[in-house]
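Now for the letters of each chain:
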Amino acid sequence: MTDSTKSGDDWNDEELDQIVRTYFAILDGIPTASRGFKADMKRALDDKIKRGIGSIDFKLGNLSHIATQIGLPQLPGFAPAPKAQKGRIYAAFDRYVSTHPEVLADDAFLSTPRVKLETNGRARNNPGPPDQPAASMMALLPIEPIPPLSDVQRTRPDGLVRLIRKFDPASRDERNRILGRIGEKHILGHEIARLVAAERMDLAKQVEWTSDVYGDGAGYDIKSFEPDGSDRLIEVKATKGGAGTDFFLTRTELEVSNERPDAWRLYRLHSLPTKPRFFILAAPLEHSVRLRPDSWRASF
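Residues numbered from 1 in each chain as written. Predicted model: local features only at pLDDT ≥ 70, side-chain atom pairs only at ≥ 80, totals over all residues. Heavy atoms only, no water.

I'd like a rundown of the sheet that holds strand β6 (residues 277-282), residues and numbers included.
Across a sheet, strands are paired by hydrogen bonds formed along the backbone, either parallel or antiparallel in direction. Taking strand neighbours across the sheet as the criterion, the 4 strands line up as β3-β4-β5-β6 in an open arrangement whose pairing is mixed. Every other strand in the sheet has two partners, leaving β3 (222-225) and β6 as the edge strands with one partner each. Averaged over all pairs of adjacent strands, the angle between their axes in this sheet comes to 35°, without regard to strand direction. Here strand β4 (residues 231-238) runs beside strand β5 (residues 264-270); their pairing, made up of 6 bridges, is parallel. When the sheet's bridge partners are listed, Ala 238 is paired in β5 with Leu 269. (Pairing = 2+ DSSP bridges. Helix = DSSP H or I, 4+ residues; strand = E, 2+ residues; numbered from the N terminus. Axes fitted to C-alpha atoms, helices over the stretch in contact; angles between N-to-C directions.)

Structure below.
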């Protein structure tokens, strides 16, 4: 039975550490978990901390919000709840991730029954030819509205801002070739399915995975088409995090977006691997996102 005397008390550091451990244990176990796995994990935690399942659910929602802001997956079934308990929950999240850097690894939480991985050019779990998406990715994905342009820095609590600076999700996602290829395969499959649905099989057969064929210097990853045959040049930005996770643009990508505003589109793919969905940004990007220089190249 839950100790009701705790219901109005703040969570202490030990309790917060335990629920953060539970969050990542559930996330890690989901790909092979049996039915009832999450409920069993929550009950086991409640047996230790006596907080009640409702309170545990709410805190797991808090942690889902923090995770998606630093480029880590939301816990399925727990919608991100932005309202968190002061700064202590951020400190607990920091303690766990700092002592378990494996959760930031390129392939962390990407191995699910729906997703096929490629590592160092070698296929794992038979993902299919490198120029084609896996069969499970050959489908239309949900398209969401563009998030509103708001002053994110003012709405993020200081503890969350420090976590984002420390774990830098935009830089991690930019370097993560495994994540990038999974994201591009999803969008490649979406574009083929979109053109098939528009009864343009001829164009569907011509969709090109440009970055796979020529590398990353074109300013876009996929060359697709509108149903009328005009070009659609797609830059894919993928993340395990949520829709509001920061991302990087290269100079070439920005230049091509300005040179070909009629054709260039940025597909922001998020919530990989379990619930991939995306929204589309058109040029000029300044109408949808805030852009700021982040680094400078030095030369002699």
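Next comes the rest of the account.
Help me get a handle on the nonpolar core, residues and values and all.
Ranked by internal contacts, the top residues of the largest apolar core, which has 32 residues, are Tyr 23, Phe 24, Leu 60, Leu 63, Ile 66 and Phe 93. Only α1 (13-29), α2 (37-49), α3 (53-69), α4 (88-99) and α6 (158-167) provide two or more residues apiece to this core. Take this core: its biggest share by element is 7 residues, from α1. Among all residues touching Phe 93, those that are not within four sequence positions of it are Val 20, Phe 24, Leu 63, Ile 66, Ala 67, Ile 70, Leu 72 and Leu 163. In terms of nonpolar packing, the next biggest core, distinct from the first, is built from 23 residues, Leu 179, Phe 225, Ala 238 and Leu 269 among them. (Core = buried A, V, L, I, M, F, W, Y, C linked by side-chain atoms within 4.5 Å. Buried < 20%, exposed > 50% of the residue type's maximum accessible area, 1.4 Å probe, protein only. Contact = heavy atoms within 4.5 Å.)

Explain the packing of aromatic side chains to me, using residue names and the numbers behind them.
On inspection of all chains with the given rule, the structure shows 5 aromatic pairs. Geometrically, the ring pair formed by Phe 24 and Tyr 96 is stacked, given 4.7 Å between the ring centres and 5° between the ring planes. You can see Phe 24 sitting in helix α1 and its partner Tyr 96 sitting in helix α4, a full 72 residues away along the chain. When its relative accessible area of 3% is taken as the criterion, Phe 24 is described as buried. A residue is classified by how much of its surface remains accessible, and Tyr 96, at 13% relative accessible area, is buried. Both rings, one in Tyr 267 and one in Phe 278, keep their centres 4.8 Å apart while their planes meet at 15°; by these two values the pair is stacked. Placement of Tyr 267 in strand β5 and of Phe 278 in strand β6 is noted, with a sequence separation of 11 residues between them. For the pair Tyr 267 and Phe 278, a shared accessibility class is recorded, and that class is buried. Among the aromatic residues, those joined into a cluster by ring pairs are Tyr 23, Phe 24, Phe 93, Tyr 96 and Phe 109. (Phe/Tyr/Trp six-rings, centres within 6.5 Å; stacked < 30°, edge-to-face > 60°.)

Tell me what's going on with the packing of α2 against α3, and back it up with residues and numbers.
Running from N to C, α2 and α3 cross one another at 110°; their axes reach a closest spacing of 10 Å. Between α2 and α3, the angle falls in the class roughly perpendicular. Classified by chirality, the crossing of α3 by α2 is right-handed. Within the contact between the two elements, α2 uses Lys 42, Arg 43, Leu 45, Asp 46 and Ile 49 and α3 uses Ile 53, Ile 56, Asp 57 and Leu 60. (Parallel < 35°, antiparallel > 145°, perpendicular 65-115°, else oblique. Left-handed = near helix turned anticlockwise from the far one by under 90°.)

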